[in-house]
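# Coordinate analysis (summary)
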Amino acid sequence: MNFDAFSAAAIAAELRTVILNGRVQRVVQINSLTYGFEIFIHPTRYNLIISVEPQAPRLHLTAEKVRRGSGNETPLMLVLRKYMRGARLIRIEQPPYERILQFDFHTTFGPITLVAELLGTRSNLILLNAAQTILGAARLSKPADDAPHRRILIPNQPYQSPPAQDKLTPPDLTEATLRRELQEASPKLPLTRLLPGIVRGVSPLLAREITFRATGN
């Protein structure tokens, strides 16, 4: 699946109509990078799956009850169980044109945020407290001497969101700006290859659809 920013926006809009203001009844670790959340809104229980597996990140509701997988519980699972059971989902946000969804909860520990970064091989699931300090992450990183600029994800450290892409946003895209970008690009590359590199949030699949609707080819 090409999970682009527009797919994320559509999913966020759907989830707001279904599970907003629901309470988390259960948290289940399906595997080390996939978690299930049972969210109750009277009289229905909804099951939300969030997976940050590098080759297939996904986020969706399922009709089946989520069940625990095999393997030992991860540190993230321990903090999810501690902070999220009984939490009420009060907000679902998406940074503009990013493949990131932020779920804000009210809990007995105060506000917390679950960040699902659906970024392909860089996907991650991160739990933050009200001060935007990392409580746990599915994929932890360590400082590297040869990459001091890299985002570091370690518990008890401040969270920094991924840097925004240096591309045009859809509102900035006009005929003039598109012509300029295309003139500066290699004439050997097809439009379906160029658009994802020019416009934020556009995946290869969406670029093919845009090209077909614009040109019929």
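Just above sits the structure.
So, a few notes on the structure that sits alongside this text. (Residues numbered from 1 in each chain as written. Predicted model: local features only at pLDDT ≥ 70, side-chain atom pairs only at ≥ 80, totals over all residues. Heavy atoms only, no water.)

### As for the overall build of the chain
For the chain, the count of helices and strands is five helices and nine strands. Along the chain, from the amino end to the carboxyl end, the secondary structure elements read α-β-β-β-β-α-β-β-β-β-β-α-α-α. Its C-alpha atoms put the chain at 55 × 50 × 30 Å along the principal axes. The burial tally for the chain puts 41% of its 217 residues in the buried class. (Helix = DSSP H or I, 4+ residues; strand = E, 2+ residues; numbered from the N terminus. Buried < 20%, exposed > 50% of the residue type's maximum accessible area, 1.4 Å probe, protein only.)

### Re empty space enclosed by the protein
With the rule as written, the count across this model stands at one cavity of 30 Å³ or more. Approximately 40 Å³ is the volume found for the largest cavity. Lining the largest cavity are Val24, Phe37, Ile39, Leu48, Ile50, Met84, Phe103, Phe105 and Leu114. Those elements that place two or more of their residues in the lining of the largest cavity are β2 (34–41), β3 (44–51) and β6 (100–107). Residues belonging to the lining of the largest cavity are distributed by class as follows: nine nonpolar, no polar and no charged. (1 Å grid on protein atoms, 1.4 Å probe; cavity = no way out; pocket = protein on both sides within 12 Å on 5 of 7 lines; lining within 4 Å. Points joined across faces, edges and corners; volume = space filled by probe spheres on them. Nonpolar A, V, L, I, M, F, W, Y, C, P; charged D, E, K, R; others polar.)

### Concerning helix α5 (residues 204–215)
Here α5 spans 16 Å end to end across 12 residues, near enough to the 16 Å set by a 1.5 Å rise per residue. Count one or two residues on from α5 and you reach glycine 216, which has phi positive near 80 degrees. (Expected span 1.5 Å × (residues − 1).)

### Comments concerning unusual backbone geometry
Along the chain, histidine 42 connects to proline 43 via a cis peptide bond; the corresponding omega equals 5 degrees. Positive phi, close to 60 degrees, is recorded for tyrosine 97, a residue that is not glycine. Here tyrosine 97 lies in the loop between β5 (88–93) and β6. Of note, glutamine 132 is a non-glycine position whose phi angle comes to about 60 degrees, a positive value. The residue glutamine 132 is located in the loop between β8 (124–129) and β9 (134–137) in this model. The class of glutamine 132 is partly exposed, set by a relative accessible area of 35%.

### Focus on the packing of helix α4 (residues 191–198) against α5
One way to put it is that α4 packs onto α5 with a least axis distance of 8 Å and a crossing angle of 120 degrees. When the axes of α4 and α5 are compared, the pair comes out oblique. Two packed elements cross with a definite hand, and for α4 against α5 that hand is right-handed. Side by side, α4 and α5 meet where Leu191, Thr192, Leu195 and Pro196 of the first sit next to Pro204, Ala207, Arg208, Ile210 and Thr211 of the second. Of the residues in the contact of α4 with α5, the class split is six nonpolar, two polar and one charged. (Axes fitted to C-alpha atoms, helices over the stretch in contact; angles between N-to-C directions. Parallel < 35°, antiparallel > 145°, perpendicular 65-115°, else oblique. Left-handed = near helix turned anticlockwise from the far one by under 90°. Contact = heavy atoms within 4.5 Å.)

Just geometry here; none of it tells us what the structure is for.
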